[in-house]
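For reference, the chains in residue letters:
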Amino acid sequence: MTVRLLPSGPDAILVECGSQAEVLALHEALAAEPPAGLVELVPAARTVLVSVDHRVLPLETAASWVRRAAQRSPADGAVAPSSATVLPERAAPVVLDVSYDGEDLDDTARLLGIGTAELVARHLAAEWRVAFIGFAPGFAYLVSDDWPYRVPRLDAPRTRVPAGSLALADGYTGAYPRESPGGWRLIGRTEAVLWDELAEPPARLVPGARVRFRESGSRIGADS
Amino acid sequence: MTALRIVAPGASCLVEDLGRPGLARLGVGRSGAADRGALALANRLVGNAEGAAGLEVLLGGFRAVAEADAWIAVTGARGPILVDGVEAPPAVAVRVPAGAELELRPAEHGLRYLVGVRGGIAAPEVLGSRSRDTLAGLGPVPVAAGDRLPIGPEPEAPVALLDREAAFAPVDGPVVLELVPGPRADWFTDAARALLFDAEWRTSAAADRVGTRLEGPALDRLVAGELASEATVPGSMQVSTSGQPTILGPDRPVTGGYPVIAIVAPASLDRVAQLRPGQPVRFRHAR
């Protein structure tokens, strides 16, 4: 794949990829062999931030490392670099039990022009991946090739969204690890603990991880 | 374990160390003292490791009683420091006898006092740090009146008589900050990029640990549309849709959706923490 290396101060490079799939592939390739002096590797929608301790890992050396990893990664994003490191990408999917009873479930299905049951079925059938974490500690942005829908955010964000709420925005699924304000459309909830500051890692969903949803409990007021 | 008993926290009093780097991929920012150099200095003065936890006191109005004899050092903002009503000097180790009250009056220069305490503030660590991240709600809760803040064990190093670096009071007039190019500088017109360095900016009252907004001319974009959220580094200057720049602080969100035109050079970053509302700011290219 071709990447652009954008300046980000004396201790970081912002690497721009062509797509979310390329970000996932590049992040995987980089995470597989972290050099000494690497401080942060932060994937996002189109970029990976590589931040270093330049006294240990000069920025030029980090840039060559990134270019080599990008050259090895095909442009379509599918990649399997050999590595002894156990990456979340290779691990079995994290399965989250979900009750599809979110406040916005029926409205969201209507907005997409499909039935509630179809929305739930498509959501359950899709295999998801954590593209990146943003917005709040442990708040995972999940993407899926099996998910064709783009959902607009609420016009007015809620001041309080309960922890465990499963929600949609743009092409993403997200789950609120803790209670917070939020503008995503709520489709369900999970009892899973998504954030525990005493756990290692504290986030249940980490970048690159595969995720499946499993229905638990019945929906209330669904129009199917 | 001995402790500091808080009588009044002032406008805001937070426990801060040098933060928790390396967790941005999980949505956790580095956080840590806004004026990192001031915390490191205060710690060196009382014989602590530079990253020991201290107190970051916004503007002053802080009062605390030492339960046992303690050594403290106050750096960062400058204003009257009193120990049982007697004025004490800034940026040196000061003995606070058991039962005596330390008071920080409203700052006259700069905005944030950093208080180093020999032994460090021994609040529980969260994810490897004792820093309060105000946006993420991680780390020790903001210090309140009546709190008893435990002080850690005596470090081996002695209290320092002099530090290797001279400590200067924060500047009152126009502050000059150095910038390096940001990742999205090419999203702005040439005129906007020139204006950033030519204009005089004013520190907005909208300034906290998340970001410091600057008032001035609008910085026009060349590229319209939305930027997909991306990770930022400390000191990133993002520009809102209306063209106003904000310098992102220690508790910024891990990713942001506004283009970053420039980044405050590390050597200038601590000075942002001491900007007072209304204070003029100018930028120059980092050498």
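Each value, and the rule that gives it
- Residues numbered from 1 in each chain as written.
- Chains lettered and ligands numbered in written order.
- Predicted model: local features only at pLDDT ≥ 70, side-chain atom pairs only at ≥ 80, totals over all residues.
- Heavy atoms only, no water.
- Helix = DSSP H or I, 4+ residues; strand = E, 2+ residues; numbered from the N terminus.
- Rg over C-alpha atoms; globule rule 2.2 N^0.38 Å.
- Contact = heavy atoms within 4.5 Å.
- Areas by Shrake-Rupley, 256 points an atom, 1.4 Å probe, with all protein chains shown as cover.
- Domains from an automatic or database assignment.
- Buried area = accessible area lost by both parts, 1.4 Å probe.
- Buried < 20%, exposed > 50% of the residue type's maximum accessible area, 1.4 Å probe, protein only.
- Pairing = 2+ DSSP bridges.
- Salt bridge = Lys/Arg side-chain N within 4 Å of Asp/Glu carboxyl O.
- Polar contact = N/O pair within 3.5 Å; in protein donor to acceptor, adjacent residues only side chain to side chain.
- UniProt positions renumbered as here; feature names shortened; annotations may be inferred.
- Axes fitted to C-alpha atoms, helices over the stretch in contact; angles between N-to-C directions.
- Phe/Tyr/Trp six-rings, centres within 6.5 Å; stacked < 30°, edge-to-face > 60°.
- Parallel < 35°, antiparallel > 145°, perpendicular 65-115°, else oblique.
- Nonpolar A, V, L, I, M, F, W, Y, C, P; charged D, E, K, R; others polar.

## Some words on the overall build of chain A
Tallying secondary structure elements over chain A gives 4 helices and 13 strands in all. The C-alpha atoms of chain A give a radius of gyration of 19 Å, which matches the 17 Å a tight globule of 224 residues would have. Counting only C-alpha atoms, chain A reaches 60 × 35 × 35 Å along its principal axes. Nonlocal contacts in chain A, meaning residues at least 24 apart in sequence, comprise 62% of its contacts between residues at least 6 apart. In the structure as shown, chain A presents an accessible area of about 9800 Å², 51% of it carried by carbon and sulfur atoms.

## So, the domain arrangement of chain A
Residue and element names in this part refer to chain A. Segmentation of chain A into domains returns domain 1 (4-72) and domain 2 (94-215). Taking only C-alpha atoms, the centre of domain 1 and the centre of domain 2 are 27 Å apart. Contact with domain 1, which involves 7 residues of that partner, is made by 8 residues of domain 2. Interface of domain 1 and domain 2: buried area, both sides summed, is about 570 Å²; carbon and sulfur atoms make up 65% of it. Looking at the side of domain 1 facing domain 2, the largest losses of area belong to Gln20, Leu24 and Pro43, adding up to 68% of the total buried there.

## Some remarks on the pairing of strand S17 (residues 245-248) of chain B
Residues and elements named next belong to chain B. Judged by which residues are buried, S17 turns out to be covered on both faces: Pro245 and Ile247 on one side and Thr246 and Leu248 on the other are all buried. As defined by bridge partners, strand S14 (residues 211-215) adjoins S17 across 3 bridges and the pair is classed as antiparallel. Residue pairing for S17: Thr212 is matched across the bridge by Ile247. Alignment of strand S16 (residues 236-239) against S17, held across 3 bridges, turns out to be antiparallel. Its bridge partner lying in S17, Gln238 is registered against Thr246. Hairpin connection of S16 to S17: 5 residues between the antiparallel strands, including Gly243 at a positive phi of 95°.

## Describing the interface of chain B and chain A
Taken together, the contact pairs 29 residues of chain B with 34 residues of chain A. Here chain B and chain A share an interface that buries about 2300 Å² over both sides, 63% of which is from carbon and sulfur atoms. Applying the counting criterion to the chain B and chain A interface returns 2 salt bridges. The salt bridge partner of B:Asp186 is A:Arg4, with a shortest N-O separation of 3.6 Å. Across the chain B-chain A interface, the total number found is 6 residue pairs in polar contact (both at pLDDT 80 or more).

## Concerning the UniProt feature "domain: Carboxyltransferase" (unreviewed entry) in chain B
Per the UniProt entry, the sites bearing "domain: Carboxyltransferase" (unreviewed entry) are residues 25-287 of chain B in this numbering. From the first C-alpha to the last, residues 25-287 of chain B spans 31 Å; its make-up is 10% helix and 33% strand.

## With respect to the environment of B:Thr189
Residues and elements named next belong to chain B. Note that Thr189 resides in the loop between strand S12 (175-181) and helix H2 (190-198). Separated by 34 residues in the primary sequence, Thr189 and Val223 have C-alpha atoms spaced 8.5 Å apart. In this view, Thr189 contacts Asp220, Arg221 and Leu222; residues no more than four positions away in its chain are not counted.

## Focus on the pattern of salt bridges
Counted by the stated rule, this structure contains 32 salt bridges over all chains. Among the salt bridges present, the one from A:Asp170 reaches A:Arg153, with a minimum N-O distance of 2.9 Å. Of this pair, A:Asp170 sits in the loop between strand S9 (165-169) and strand S10 (172-175) while A:Arg153 is found in the loop between strand S7 (140-143) and strand S8 (158-161), placing the two residues 17 residues apart along the sequence. A residue is classified by how much of its surface remains accessible, and A:Arg153, at 36% relative accessible area, is partly exposed. We note a salt bridge from B:Arg148 to B:Glu67, for which the minimum N-O separation is 2.8 Å. Of this pair, B:Arg148 sits in strand S11 (residues 148-150) while B:Glu67 is found in the loop between strand S4 (62-66) and strand S5 (70-78), placing the two residues 81 residues apart along the sequence. Since its relative accessible area comes to 34%, B:Glu67 is described here as partly exposed. Here the salt bridges share partners, and the residues they tie into one network are A:Arg4, A:Glu16, B:Arg184, B:Asp186 and B:Glu230.

## Here we look at the sheet that holds S17(B)
Residue and element names in this part refer to chain B. Taking strand neighbours around the barrel as the criterion, the 7 strands line up as S12-S19-S16-S17-S14-S13-S20 in a closed arrangement whose pairing is mixed. Neighbour-to-neighbour, the strand axes of this sheet turn through a mean angle of 40°, independent of strand direction. With 3 bridges connecting them, S16 and strand S19 (residues 260-264) associate as antiparallel partners. Opposite Gln238, over in S19, you have Val260 as the bridge partner. Sheet contacts for H2: S12, strand S13 (201-207), S16, S19 and strand S20 (280-285); angle to S20, the most-contacted strand, approximately 120°.

## Observations regarding the packing of aromatic side chains
Residue and element names in this part refer to chain A. A complete count under the given rule lists 12 aromatic pairs over all chains for this structure. Judged by centre distance (5.1 Å) and plane angle (80°), the ring pair of Phe135 and Phe139 falls under edge-to-face. Taking the relative accessible area as the measure of exposure, Phe135 reaches 43% and is therefore partly exposed. A ring pair is formed by Phe139 and Trp184, whose centres lie 5.0 Å apart and whose planes are at 80°; its orientation type is edge-to-face. Of the two residues, Phe139 sits in the loop between strand S6 (128-133) and S7 while Trp184 sits in the loop between strand S11 (180-182) and strand S12 (185-190), which places them 45 residues apart along the sequence. On the basis of relative accessibility, which here comes to 1%, the residue Phe139 falls in the buried class. Pairwise contacts between aromatic rings join Phe132, Phe135, Phe139, Tyr141, Tyr172, Tyr176 and Trp184 into one cluster.

## Let's talk about the packing of helix H3 (residues 105-112) of chain A against helix H4 (residues 116-125) of chain A
For any two helices packed against each other, one specifies the inter-axial angle together with the distance between the axes. All names here are of chain A. Two elements in contact, H3 and H4, have axes separated by 8 Å at closest approach and are oriented at 95°. One finds that H3 runs roughly perpendicular with respect to H4. Residues Leu105, Asp106, Thr108, Ala109 and Leu112 of H3 lie in contact with H4, whose contacting residues are Thr116, Leu119 and Val120. Residues belonging to the contact of H3 with H4 are distributed by class as follows: 5 nonpolar, 2 polar and 1 charged.

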